[in-house]
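Each chain, written out:
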Amino acid sequence: MAVIQGIWAKLLKFSVRQRQPAQAVVCFQYSDQLRGESMTYANAIEPPIAGRPKSLGFIRNDLSGIHAPRHAAEVWRHALGLGHHYVYTVRPPVDVDSPIEYVLGLAAGLGVDVIVVFELGHVDDRPALICDRGFDLETVSPQGTWTRSSGLVPGEGA
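Residues numbered from 1 in each chain as written. Predicted model: local features only at pLDDT ≥ 70, side-chain atom pairs only at ≥ 80, totals over all residues. Heavy atoms only, no water.

*Asks:* Outline the nonpolar core, supporting the account with residue identities and numerical values.
*Replies:* Judged by nonpolar contacts, the single largest core of 15 residues is most densely connected at Phe 58, Ile 115, Val 123, Ile 130 and Phe 135. Residue assignment for this core shows that the elements contributing at least two residues are strand E4 (54-58), helix H4 (99-110), strand E6 (114-117) and helix H5 (128-131). For Phe 58, the residues in contact, after removing those within four places along its chain, are Val 90, Pro 92, Pro 99, Ile 100, Val 103, Ile 115, Val 116, Val 117, Phe 118, His 122 and Val 123. Of all hydrophobic cores here, the second largest spans ten residues; its members include Ile 59, Val 75, Ala 79 and Val 116. (Core = buried A, V, L, I, M, F, W, Y, C linked by side-chain atoms within 4.5 Å. Buried < 20%, exposed > 50% of the residue type's maximum accessible area, 1.4 Å probe, protein only. Helix = DSSP H or I, 4+ residues; strand = E, 2+ residues; numbered from the N terminus. Contact = heavy atoms within 4.5 Å.)

*Asks:* Which residues make up helix H3 (residues 68-81), and what values go with them?
*Replies:* Taking 1.5 Å of rise per residue, the 14 residues of H3 would be expected to cover 20 Å, and the 20 Å separating its terminal C-alpha atoms lies within 8% of that figure. Among the residues making up H3, those that are buried are Ala 68, Pro 69, His 71, Ala 72, Ala 73, Val 75, His 78 and Ala 79. Following H3 by one or two positions, Gly 83 adopts a phi angle in the positive range, close to 85 degrees. (Expected span 1.5 Å × (residues − 1).)

*Asks:* Describe H4, with residues and values.
*Replies:* End to end, H4 covers 17 Å across twelve residues, agreeing with the expected 16 Å (1.5 Å per residue, within 8%). All of the buried residues in H4 are Pro 99, Ile 100, Val 103, Leu 104 and Ala 107. Each buried residue of H4 sits inside an arc of 135 degrees when the element is viewed along its axis, so together they form one side. In this fold, the buried residues of H4 make contact with E4, strand E5 (85-90), E6 and H5. (Arc of directions from axis to C-beta.)

*Asks:* With reference to specific residues and values, describe a nonpolar patch on the surface.
*Replies:* Together, Tyr 88, Tyr 102, Leu 106 and Leu 110 make up an exposed nonpolar region whose accessible area comes to about 360 Å². If you trace the backbone, Leu 106 turns up in helix H4. Exposure remark for Leu 106: the relative accessible area of 33% places this residue in the partly exposed category. (Patch = residues over 30% accessible without salt bridge, like charges linked within 9 Å, V, L, I, M, F, W, Y side chains within 5 Å. Areas by Shrake-Rupley, 256 points an atom, 1.4 Å probe, with all protein chains shown as cover. Salt bridge = Lys/Arg side-chain N within 4 Å of Asp/Glu carboxyl O.)

*Asks:* Give me the lowdown on unusual backbone geometry, citing residues and values where you can.
*Replies:* Omega for the peptide link from Ser 141 to Pro 142 comes to -10 degrees, which places this bond in the cis form. Structurally, Pro 142 is set in the loop between strand E7 (136-139) and strand E8 (144-146). In this structure, Asp 124 takes a positive phi of about 55 degrees despite not being glycine. Mapped onto the elements of the fold, Asp 124 is located in the loop between E6 and H5. Taking relative accessible area as the criterion, Asp 124 reaches 38% and is therefore assigned partly exposed.

*Asks:* A description of the pattern of salt bridges should follow, citing residues and the corresponding values.
*Replies:* Pairing between side chains becomes possible if they bear opposite charge and their charged atoms approach one another. Counted by the stated rule, this structure contains five salt bridges. For the salt bridge of Asp 62 with Arg 60, the shortest nitrogen-to-oxygen distance reads 3.1 Å. Put simply, Arg 70 and Glu 74 hold a salt bridge, and the shortest N to O gap is 2.9 Å. Placement of the pair is Arg 70 and Glu 74 together in helix H3, with a separation of four residues, close to one helical turn. The partly exposed category is assigned to Glu 74, whose relative accessible area is 23%. A single network of salt bridges, built from pairs that share partners, joins Arg 60, Asp 62 and Asp 124.

This is how it looks when you write it as structure tokens:
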């Protein structure tokens, strides 16, 4: 067990730095020694600002494959560029039967307004799966916006 913990300690490094009284930055460093890659992801955790929609990123590992970290970063950048309060990036486990239902449940629980995906393939090329449940959908590539079905509250669905 100690050997495994030692390996993970070398592969994954976490750190939290206080930036301002109400804001912290969480840094995650991923190191893949087999491919010689090392990437650092930083995500600012800040309180929501009134009037900004809350968004949740959704990346499917079965579709993104080795590009999942890059797709997640682009989803995050896209949401911030739109002025959203970015809550989290969801990457459902591979053994989940329905990754779309998985993310919809999390989105309803977190009270988000918008789900951001890299491409429509992440929602099986059917934006109605998201919009009929009361969420807006944003895609990064190609850039697109689908609005929720009229009169629906996020998470309730038709």
